[in-house]
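What follows is the residue order along each chain.
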Amino acid sequence: MSPATWTHQQRVERTIAAITLVVLIIWPAAGFSSYWTHQILIETFLFGIAAASLIFLYAYGGMVSLAQTALFGIAGVILGNLATASGAGGTSKGLHLGWDPTLSLVLAIVGTTVIGLIGGAVASRNTGIYFLMITLTYSVIAVYTLGQVTKISGFSGIGGINNYTPGWIGNILAHPNRLYYIALGTAVVAYVLIRYIVRTPFGVSLQGVRDEPIRMGSLGYAVPLHRTLAFGFAAFLAALAGVLYVWWSGQIAPGNVDLPETISLLIMAVIGGLSRIEGAWIGAFAFILMDNYISTSTHIPLIGFGGTLFGGSFNTVIGIIFLVIIVISPNGLMGLWGRLFETRRQTTGGESPDAPAAPPAGPPKVSPDRPTT
Amino acid sequence: MKKYKLRSWKSAAVVAVAVTAFAVWATSSLAASHAATVKVAIMTDCKGAFGFGYELDIGGAQAAFAQYAHGKPTNKAKPSAGMTNISVNGTPVQIVGYGCGNDTVPVAVTETKRLMEKLGADVMVGPLSGDEAVYVANYAKAHPTKTFIIGTAGSEDPTMQIHPANLFRYHGDGAQWNAGVGEIAYKKLGWKKAAIIVDDYSFGWTSAAGMILDFCAVGGNITKRVFPPLNTTDYAPWVRQLPPPTQVDGYFSAIGGTGTSAMLKAYEQQYGKLDPNKWIGNLFFGFLGADKTIAPKFVGAYIGGTGTGPGLKTAQAKAYEAVIKKWYGPAKLNPADLFVANYYNAAWALVQGLAKSGGAVGTALQAALPTKLKEGYAVSRGGYAYLDSRRQAIQDQYQLQLVKNADGSVGPQTVAYVPAVDQSFGGLVKPTDKPYGRTVPSCKKVVTPWQGKIKVVKNGVITSQVYK
Amino acid sequence: MSALAARIPSREQVGSYLTWRRLPTLLAIGLVAFAFVYVLFLAKIPADNGATNWRTTTFGSAVHDPSSFLKIVLDSLTFAAALFIVASGFALIFGLMRTVNMAHGAFYLLAGYIAYEVQQKMNGSPGISLDTSQVSTWEWLVPLLIAAPIIMAIGLIVQQGLLRWNQGQELRQALITIAVSVIVADQIIAHFPRTVSTGAQKYGGNAVDLTWPGWTDRFVNLHVGGVQYSLARLGILAIGCMVGLGLWLWLYRTKTGMKIRAGVDDEKMTSALGINIQRTFAIAFVVGCGLAALGAVVWASQSNISSGQDGAWLLNSLVVVIVGGMGSIFGAAAGALLYAFVANFAAAYLPSTGPDCCTQYSTIVTFVLIALVLSFRPQGLFGRPG
């Protein structure tokens, strides 16, 4: 589509995106606080990729996956086991194979994608709540495997992974801006990749499978195969996020893949908007901002329902914000944004998170997981 | 619905300006501080399994600052309200923030980075829990100019396997806390064969290691080890795997707070009333609320300590307890509580280090931190706890017994004194060994440095009587 | 005779069954059969010299040690009963309204803490765990009778306020209940436990116990293999059976139940027939929450209640209902039995070749099996396809 055919909304969005990208590129050099550069923004980029994998599966595949966090963790664990070395001054957990970091990186991403393909194949005939349930099962298996199979991880997890970055990246502890640019670049690549994939024949038929699986099946499309491949691609994205995470934090532990973390990723995706990929980074940014600035030991008396030290603060606040967003705008912040551009079209209060109207598909079904008879 | 459209360029410009202004505000919220001020962060938990340690940890640390560094508590009933006026020989010390972890690694990551990078702390006192400490140890390795003094984490790895040069721990690890209790089981209770039931995660293994090392060293035999996963809902099948009371002389338990009463109830439903002479638990039998849930069933049972000696009547202990009462009496902190005592000792060590380094931080501070500390409950070697070559404390340990107090309540009382327990258990555990796990340590008959030297403590007085 | 002979599959029929497509199913059947044979016959206790192999388990086979086997079967049955009580509430809501009530675990937790507060207040020993001898039947029932209506009221408010107007949007309802569960769980940590002994720290969601009444604290002689089994656990089984019977009677013998079943089958048609489907929804949701409260009081007496259990029991309910097949109480019972048996038998009968293997992996094994069941029968064991 050439710029002449863009709608007004698209024009505004793309302008803002271009400006934001420029700002982000010059951000580290502009001398803003290191905390913002190296914590908030990097976290936004990498958790945005993980949230984008979740949104991709929902918006284009009609599948709600709670296994993205688990895949994210698995990528980190594989990288940790392969790349770290033991011996004096080494970390204390994991296989410590000490392989070449670039090879470990490739194997971590490929390995997680393969695990995703297998998991997707097992779950490919399930839809809706059953698919959610199976992915939740994967998540539980990942938590216990990472916690109890002490040869590969153990409860405190594998540490010091950010000492073993590939040579072409160099030492990111000494040069943290490198990780910033890698994360930014990977996020952009992930976004472009998703936008590209949904326009390929595979992507279009995937959306068909989302909407009308039975009709697509009778037309000869292999419905389970589409779902499997979509899950594998989402696993690939989650792997990218996982690798960036362990480079950023250095440690991967079962606590990174447990139920609260899974719910956090879901909250990020929903706050941003389940219908648009851009929502992944918007939602991640909003969540991380709140996480960092509503300090968990602060009380917000009114919203916190008079909570005490131990509760009634951050989680209550995020829960309320989440609830308000779902009730007002089930398409999250991107949905609110989209409403600003609406013309006289009447919107009902009961709109549900809908899949995007990507050309040339029409408006999708209200609840993709309710099978049609 | 709103019908206005954004006038694209003007509105985009407005948005951009707003975003930039916000960014500038956010990033400039780092207050500029005096170059000479030492910034300290206290890292603790405020959620999760050890959330109630928050006030205890902060209170302990700040009591030390108040006593030795002129600190003024903002609110004597609530330590987390803050403390001002801290200075060491003229160098001002500022507490930049309190970390709020929840016992898991991801929150430890964000909190550590927030404290050390956003708030720019030079020194961290903390963290509270074992898994967080493993992360902090790895972080410390990557940031050699910052100094880290562990709060109360009981994991083995930070000082045994990882041991970065800028990480210090002035208290024992989870295994050290249980040193001696195995020997008491063998000698006093006459146990020869025992089974052990352990939470299947790092702290469980570390705590169990202390019991196993000691019990096997003196000649006991652990016949069965059972490892229920964390967050088990039904403990029945796990308790069934324990040998019946006819086949063993006793049971060791390293099951943590959320599962202890569930596991014990399951046991009662299989074998009847609990016999206090057949059970020895780790700290989860007497501390952290268990003195109200577990202890009433177990009057007379021995339990593992935490490096503090509740009720000890030495002058040093009394002086320490008076200090805590003086500064935070209204907050009702229990001085013998491990959270209070260990953070107190860590903060006091920091003050001593700053005094010696003249207010310098970084490697100068690390060289200046004391290698021996006159801890409240230390008795051996002149009343000092010493740091070993990996900056891990060699600390006196106290084993406890659950007794009925005069007012009818049940609580732990010090009954045994184990001198100078080191992390390697006298060379049994080496840094090149695999960390404590399900098969580590194995059951071996050896001589620990304190074997045969565990003294009986009666009414807070260390007698010359030895456990035989 | 010829009819029987006609039913024996012919060679061609067997051959056509054994195709490549059936391989996963055959493998699964083979594995299950092997597991049965292993538990019943193959398992062995460790040899006297301590040598172990893949056949070594803690208890040995069922034929070798029938009393242990029986005890573990009973453990599984009683745990299944507790799972059923909680999961049946979830199944009722899910089956009728297609609402995944992700706040079910949070309601469970709240009920447990409220019941603890009530039992403590009745007994006058603040904050100290009660011994069974101190608790009478009345002192166990009243906490239930106070906690359950509170939870049911909260459930009604949530349903009417947040779920009624977006009926049919399943994902949205799931997300709304997730938000509710996050808020409720956080508030529970902020405000419970309230009754603690002097000097102890209030709040924080620490573990506290409910206690069974004193008369449950004995063993029942089962006269089989010399097995003495705890009366309290049998009591859970009894309560579970009563719940099952009560639900069955309600759903299949009363008018309201008929409306609920009709609503499960075809909501639009039921509504078109003039039945107040909204009121039926509300009743089902409230009953579901009440069952969560009952389950909480039962299991908190059996073990304890602490923060973090809301996630665990939500997961348990989800697994039971999905595996059993949504929408049917019978399915919930079947799912509970399957889950409890697999979890307990994995914990007891996985090979124990040493401390490092394998019983502690029982949770992983259980969930792998759950995933396999779901992949083979996507609609659950007793669910209807589509």
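Since the model is a prediction, treat every value here as computed from it, not as a measurement. (Residues numbered from 1 in each chain as written. Chains lettered and ligands numbered in written order. Predicted model: local features only at pLDDT ≥ 70, side-chain atom pairs only at ≥ 80, totals over all residues.)

1. Some thoughts on the overall build of chain C
Phase 1: Along its length, chain C carries 14 helices and 2 strands.
Phase 2: The C-alpha radius of gyration computed for chain C amounts to 23 Å, which stays within 12% of the reference 21 Å derived for 386 residues, consistent with globular compactness.
Phase 3: By principal-axis analysis of the C-alpha atoms, chain C measures approximately 65 × 65 × 35 Å.
Phase 4: Among the 386 residues that make up chain C, the fraction classed as buried is 53%.
Phase 5: Sequence-distant contacts, at least 24 apart, represent 73% of the contacts inside chain C between residues at least 6 apart. (Helix = DSSP H or I, 4+ residues; strand = E, 2+ residues; numbered from the N terminus. Rg over C-alpha atoms; globule rule 2.2 N^0.38 Å. Buried ≥ 20, exposed ≤ 12 C-beta atoms within 10 Å, placed from the backbone. Contact = placed C-beta atoms within 7 Å.)

2. Comments concerning the interface of chain B and chain C
Phase 1: Each partner contributes to the interface: chain B provides 28 residues, whereas chain C provides 36 residues.
Phase 2: At the level of elements, helix H9 (236-241), helix H10 (260-271) and helix H11 (290-293) of chain B are the ones that each hand at least two residues to the side of chain B that touches chain C.
Phase 3: Top contributing element to the side of chain B that touches chain C by residue count: H9(B), with 5 residues.
Phase 4: For the side of chain B that touches chain C, the class distribution of residues is 9 nonpolar, 11 polar and 8 charged. (Nonpolar A, V, L, I, M, F, W, Y, C, P; charged D, E, K, R; others polar.)

3. Focus on the sheet that holds strand S7 (residues 147-149) of chain B
All names here are of chain B.
Phase 1: Pairing within the open sheet is mixed, and its 6 strands lie in the order S4-S5-S1-S6-S7-S8. Edge positions in the open sheet fall to strand S4 (87-88) and strand S8 (167-168), since each of these has one partner strand only.
Phase 2: Two strands pair when backbone bridges link them, and S7 and S8 are joined in this way by 2 bridges, in the parallel orientation. Across the sheet, residue Ile149 finds its bridge partner in S8, namely Phe168.
Phase 3: Running over the sheet, helix H13 (residues 338-357) touches strand S1 (38-45), S4, strand S5 (91-101), strand S6 (123-125), S7 and S8 and is turned about 155° from S6. (Pairing = 2+ DSSP bridges. Axes fitted to C-alpha atoms, helices over the stretch in contact; angles between N-to-C directions.)

4. Some details on the domain arrangement of chain B
Residues and elements named next belong to chain B.
Phase 1: When cut into domains, chain B gives domain 1 (38-172 + 313-395) and domain 2 (176-311 + 396-466).
Phase 2: Here the C-alpha centroids of domain 1 and domain 2 sit 27 Å apart.
Phase 3: Taken together, the contact pairs 26 residues of domain 1 with 27 residues of domain 2.
Phase 4: When residues of the side of domain 1 that touches domain 2 are traced back to their parent elements, those giving at least two are helix H4 (130-142), helix H5 (157-162), H13, helix H15 (380-383) and strand S16 (393-404).
Phase 5: Looking at the side of domain 1 that touches domain 2, the element that brings in the most residues is H5, giving 4 residues. (Domains from an automatic or database assignment.)

5. Things to note about the packing of helix H11 (residues 278-293) of chain A against helix H13 (residues 332-340) of chain A
Residues and elements named next belong to chain A.
Phase 1: Running from amino to carboxyl end, H11 crosses H13 at an angle of 115°, the nearest separation of the two axes being 8 Å. Classified by the interaxial angle, the pair formed by H11 and H13 is roughly perpendicular. The segment H11 lies against H13, with Glu278, Gly279, Ile282, Gly283 and Ala286 engaging Gly332, Leu333 and Met334. (Parallel < 35°, antiparallel > 145°, perpendicular 65-115°, else oblique.)

6. Topic: helix H5 (residues 104-123) of chain C
Side chains of residues three or four places apart in an α-helix project in the same direction, reflecting 3.6 residues per turn.
Phase 1: In a regular helix each residue adds 1.5 Å, so 20 residues correspond to 28 Å; H5(C) covers 29 Å between its end C-alpha atoms and thus fits that length.
Phase 2: When you tally the buried positions in H5(C), you get 16 out of 20 residues, the bulk of the element. (Expected span 1.5 Å × (residues − 1).)

7. A look at unusual backbone geometry
Phase 1: Residue B:Pro127 is bonded to the preceding B:Gly126 through a cis peptide linkage, with omega at 5°.
Phase 2: Counting through the fold element by element, B:Pro127 comes out in the loop between S6 and H4.
Phase 3: For the bond running from C:Phe192 to C:Pro193, omega is -10°, close enough to zero to count as cis.
Phase 4: With respect to the helices, strands and loops of the structure, C:Pro193 is situated in the loop between helix H7 (170-191) and strand S1 (219-221).
Phase 5: Despite not being glycine, C:Arg98 shows a phi value in the positive range, around 55°.
Phase 6: One can find C:Arg98 in the loop between helix H4 (66-97) and H5.
Phase 7: Overall, C:Arg98 belongs to the buried group, with 22 C-beta atoms counted inside 10 Å.

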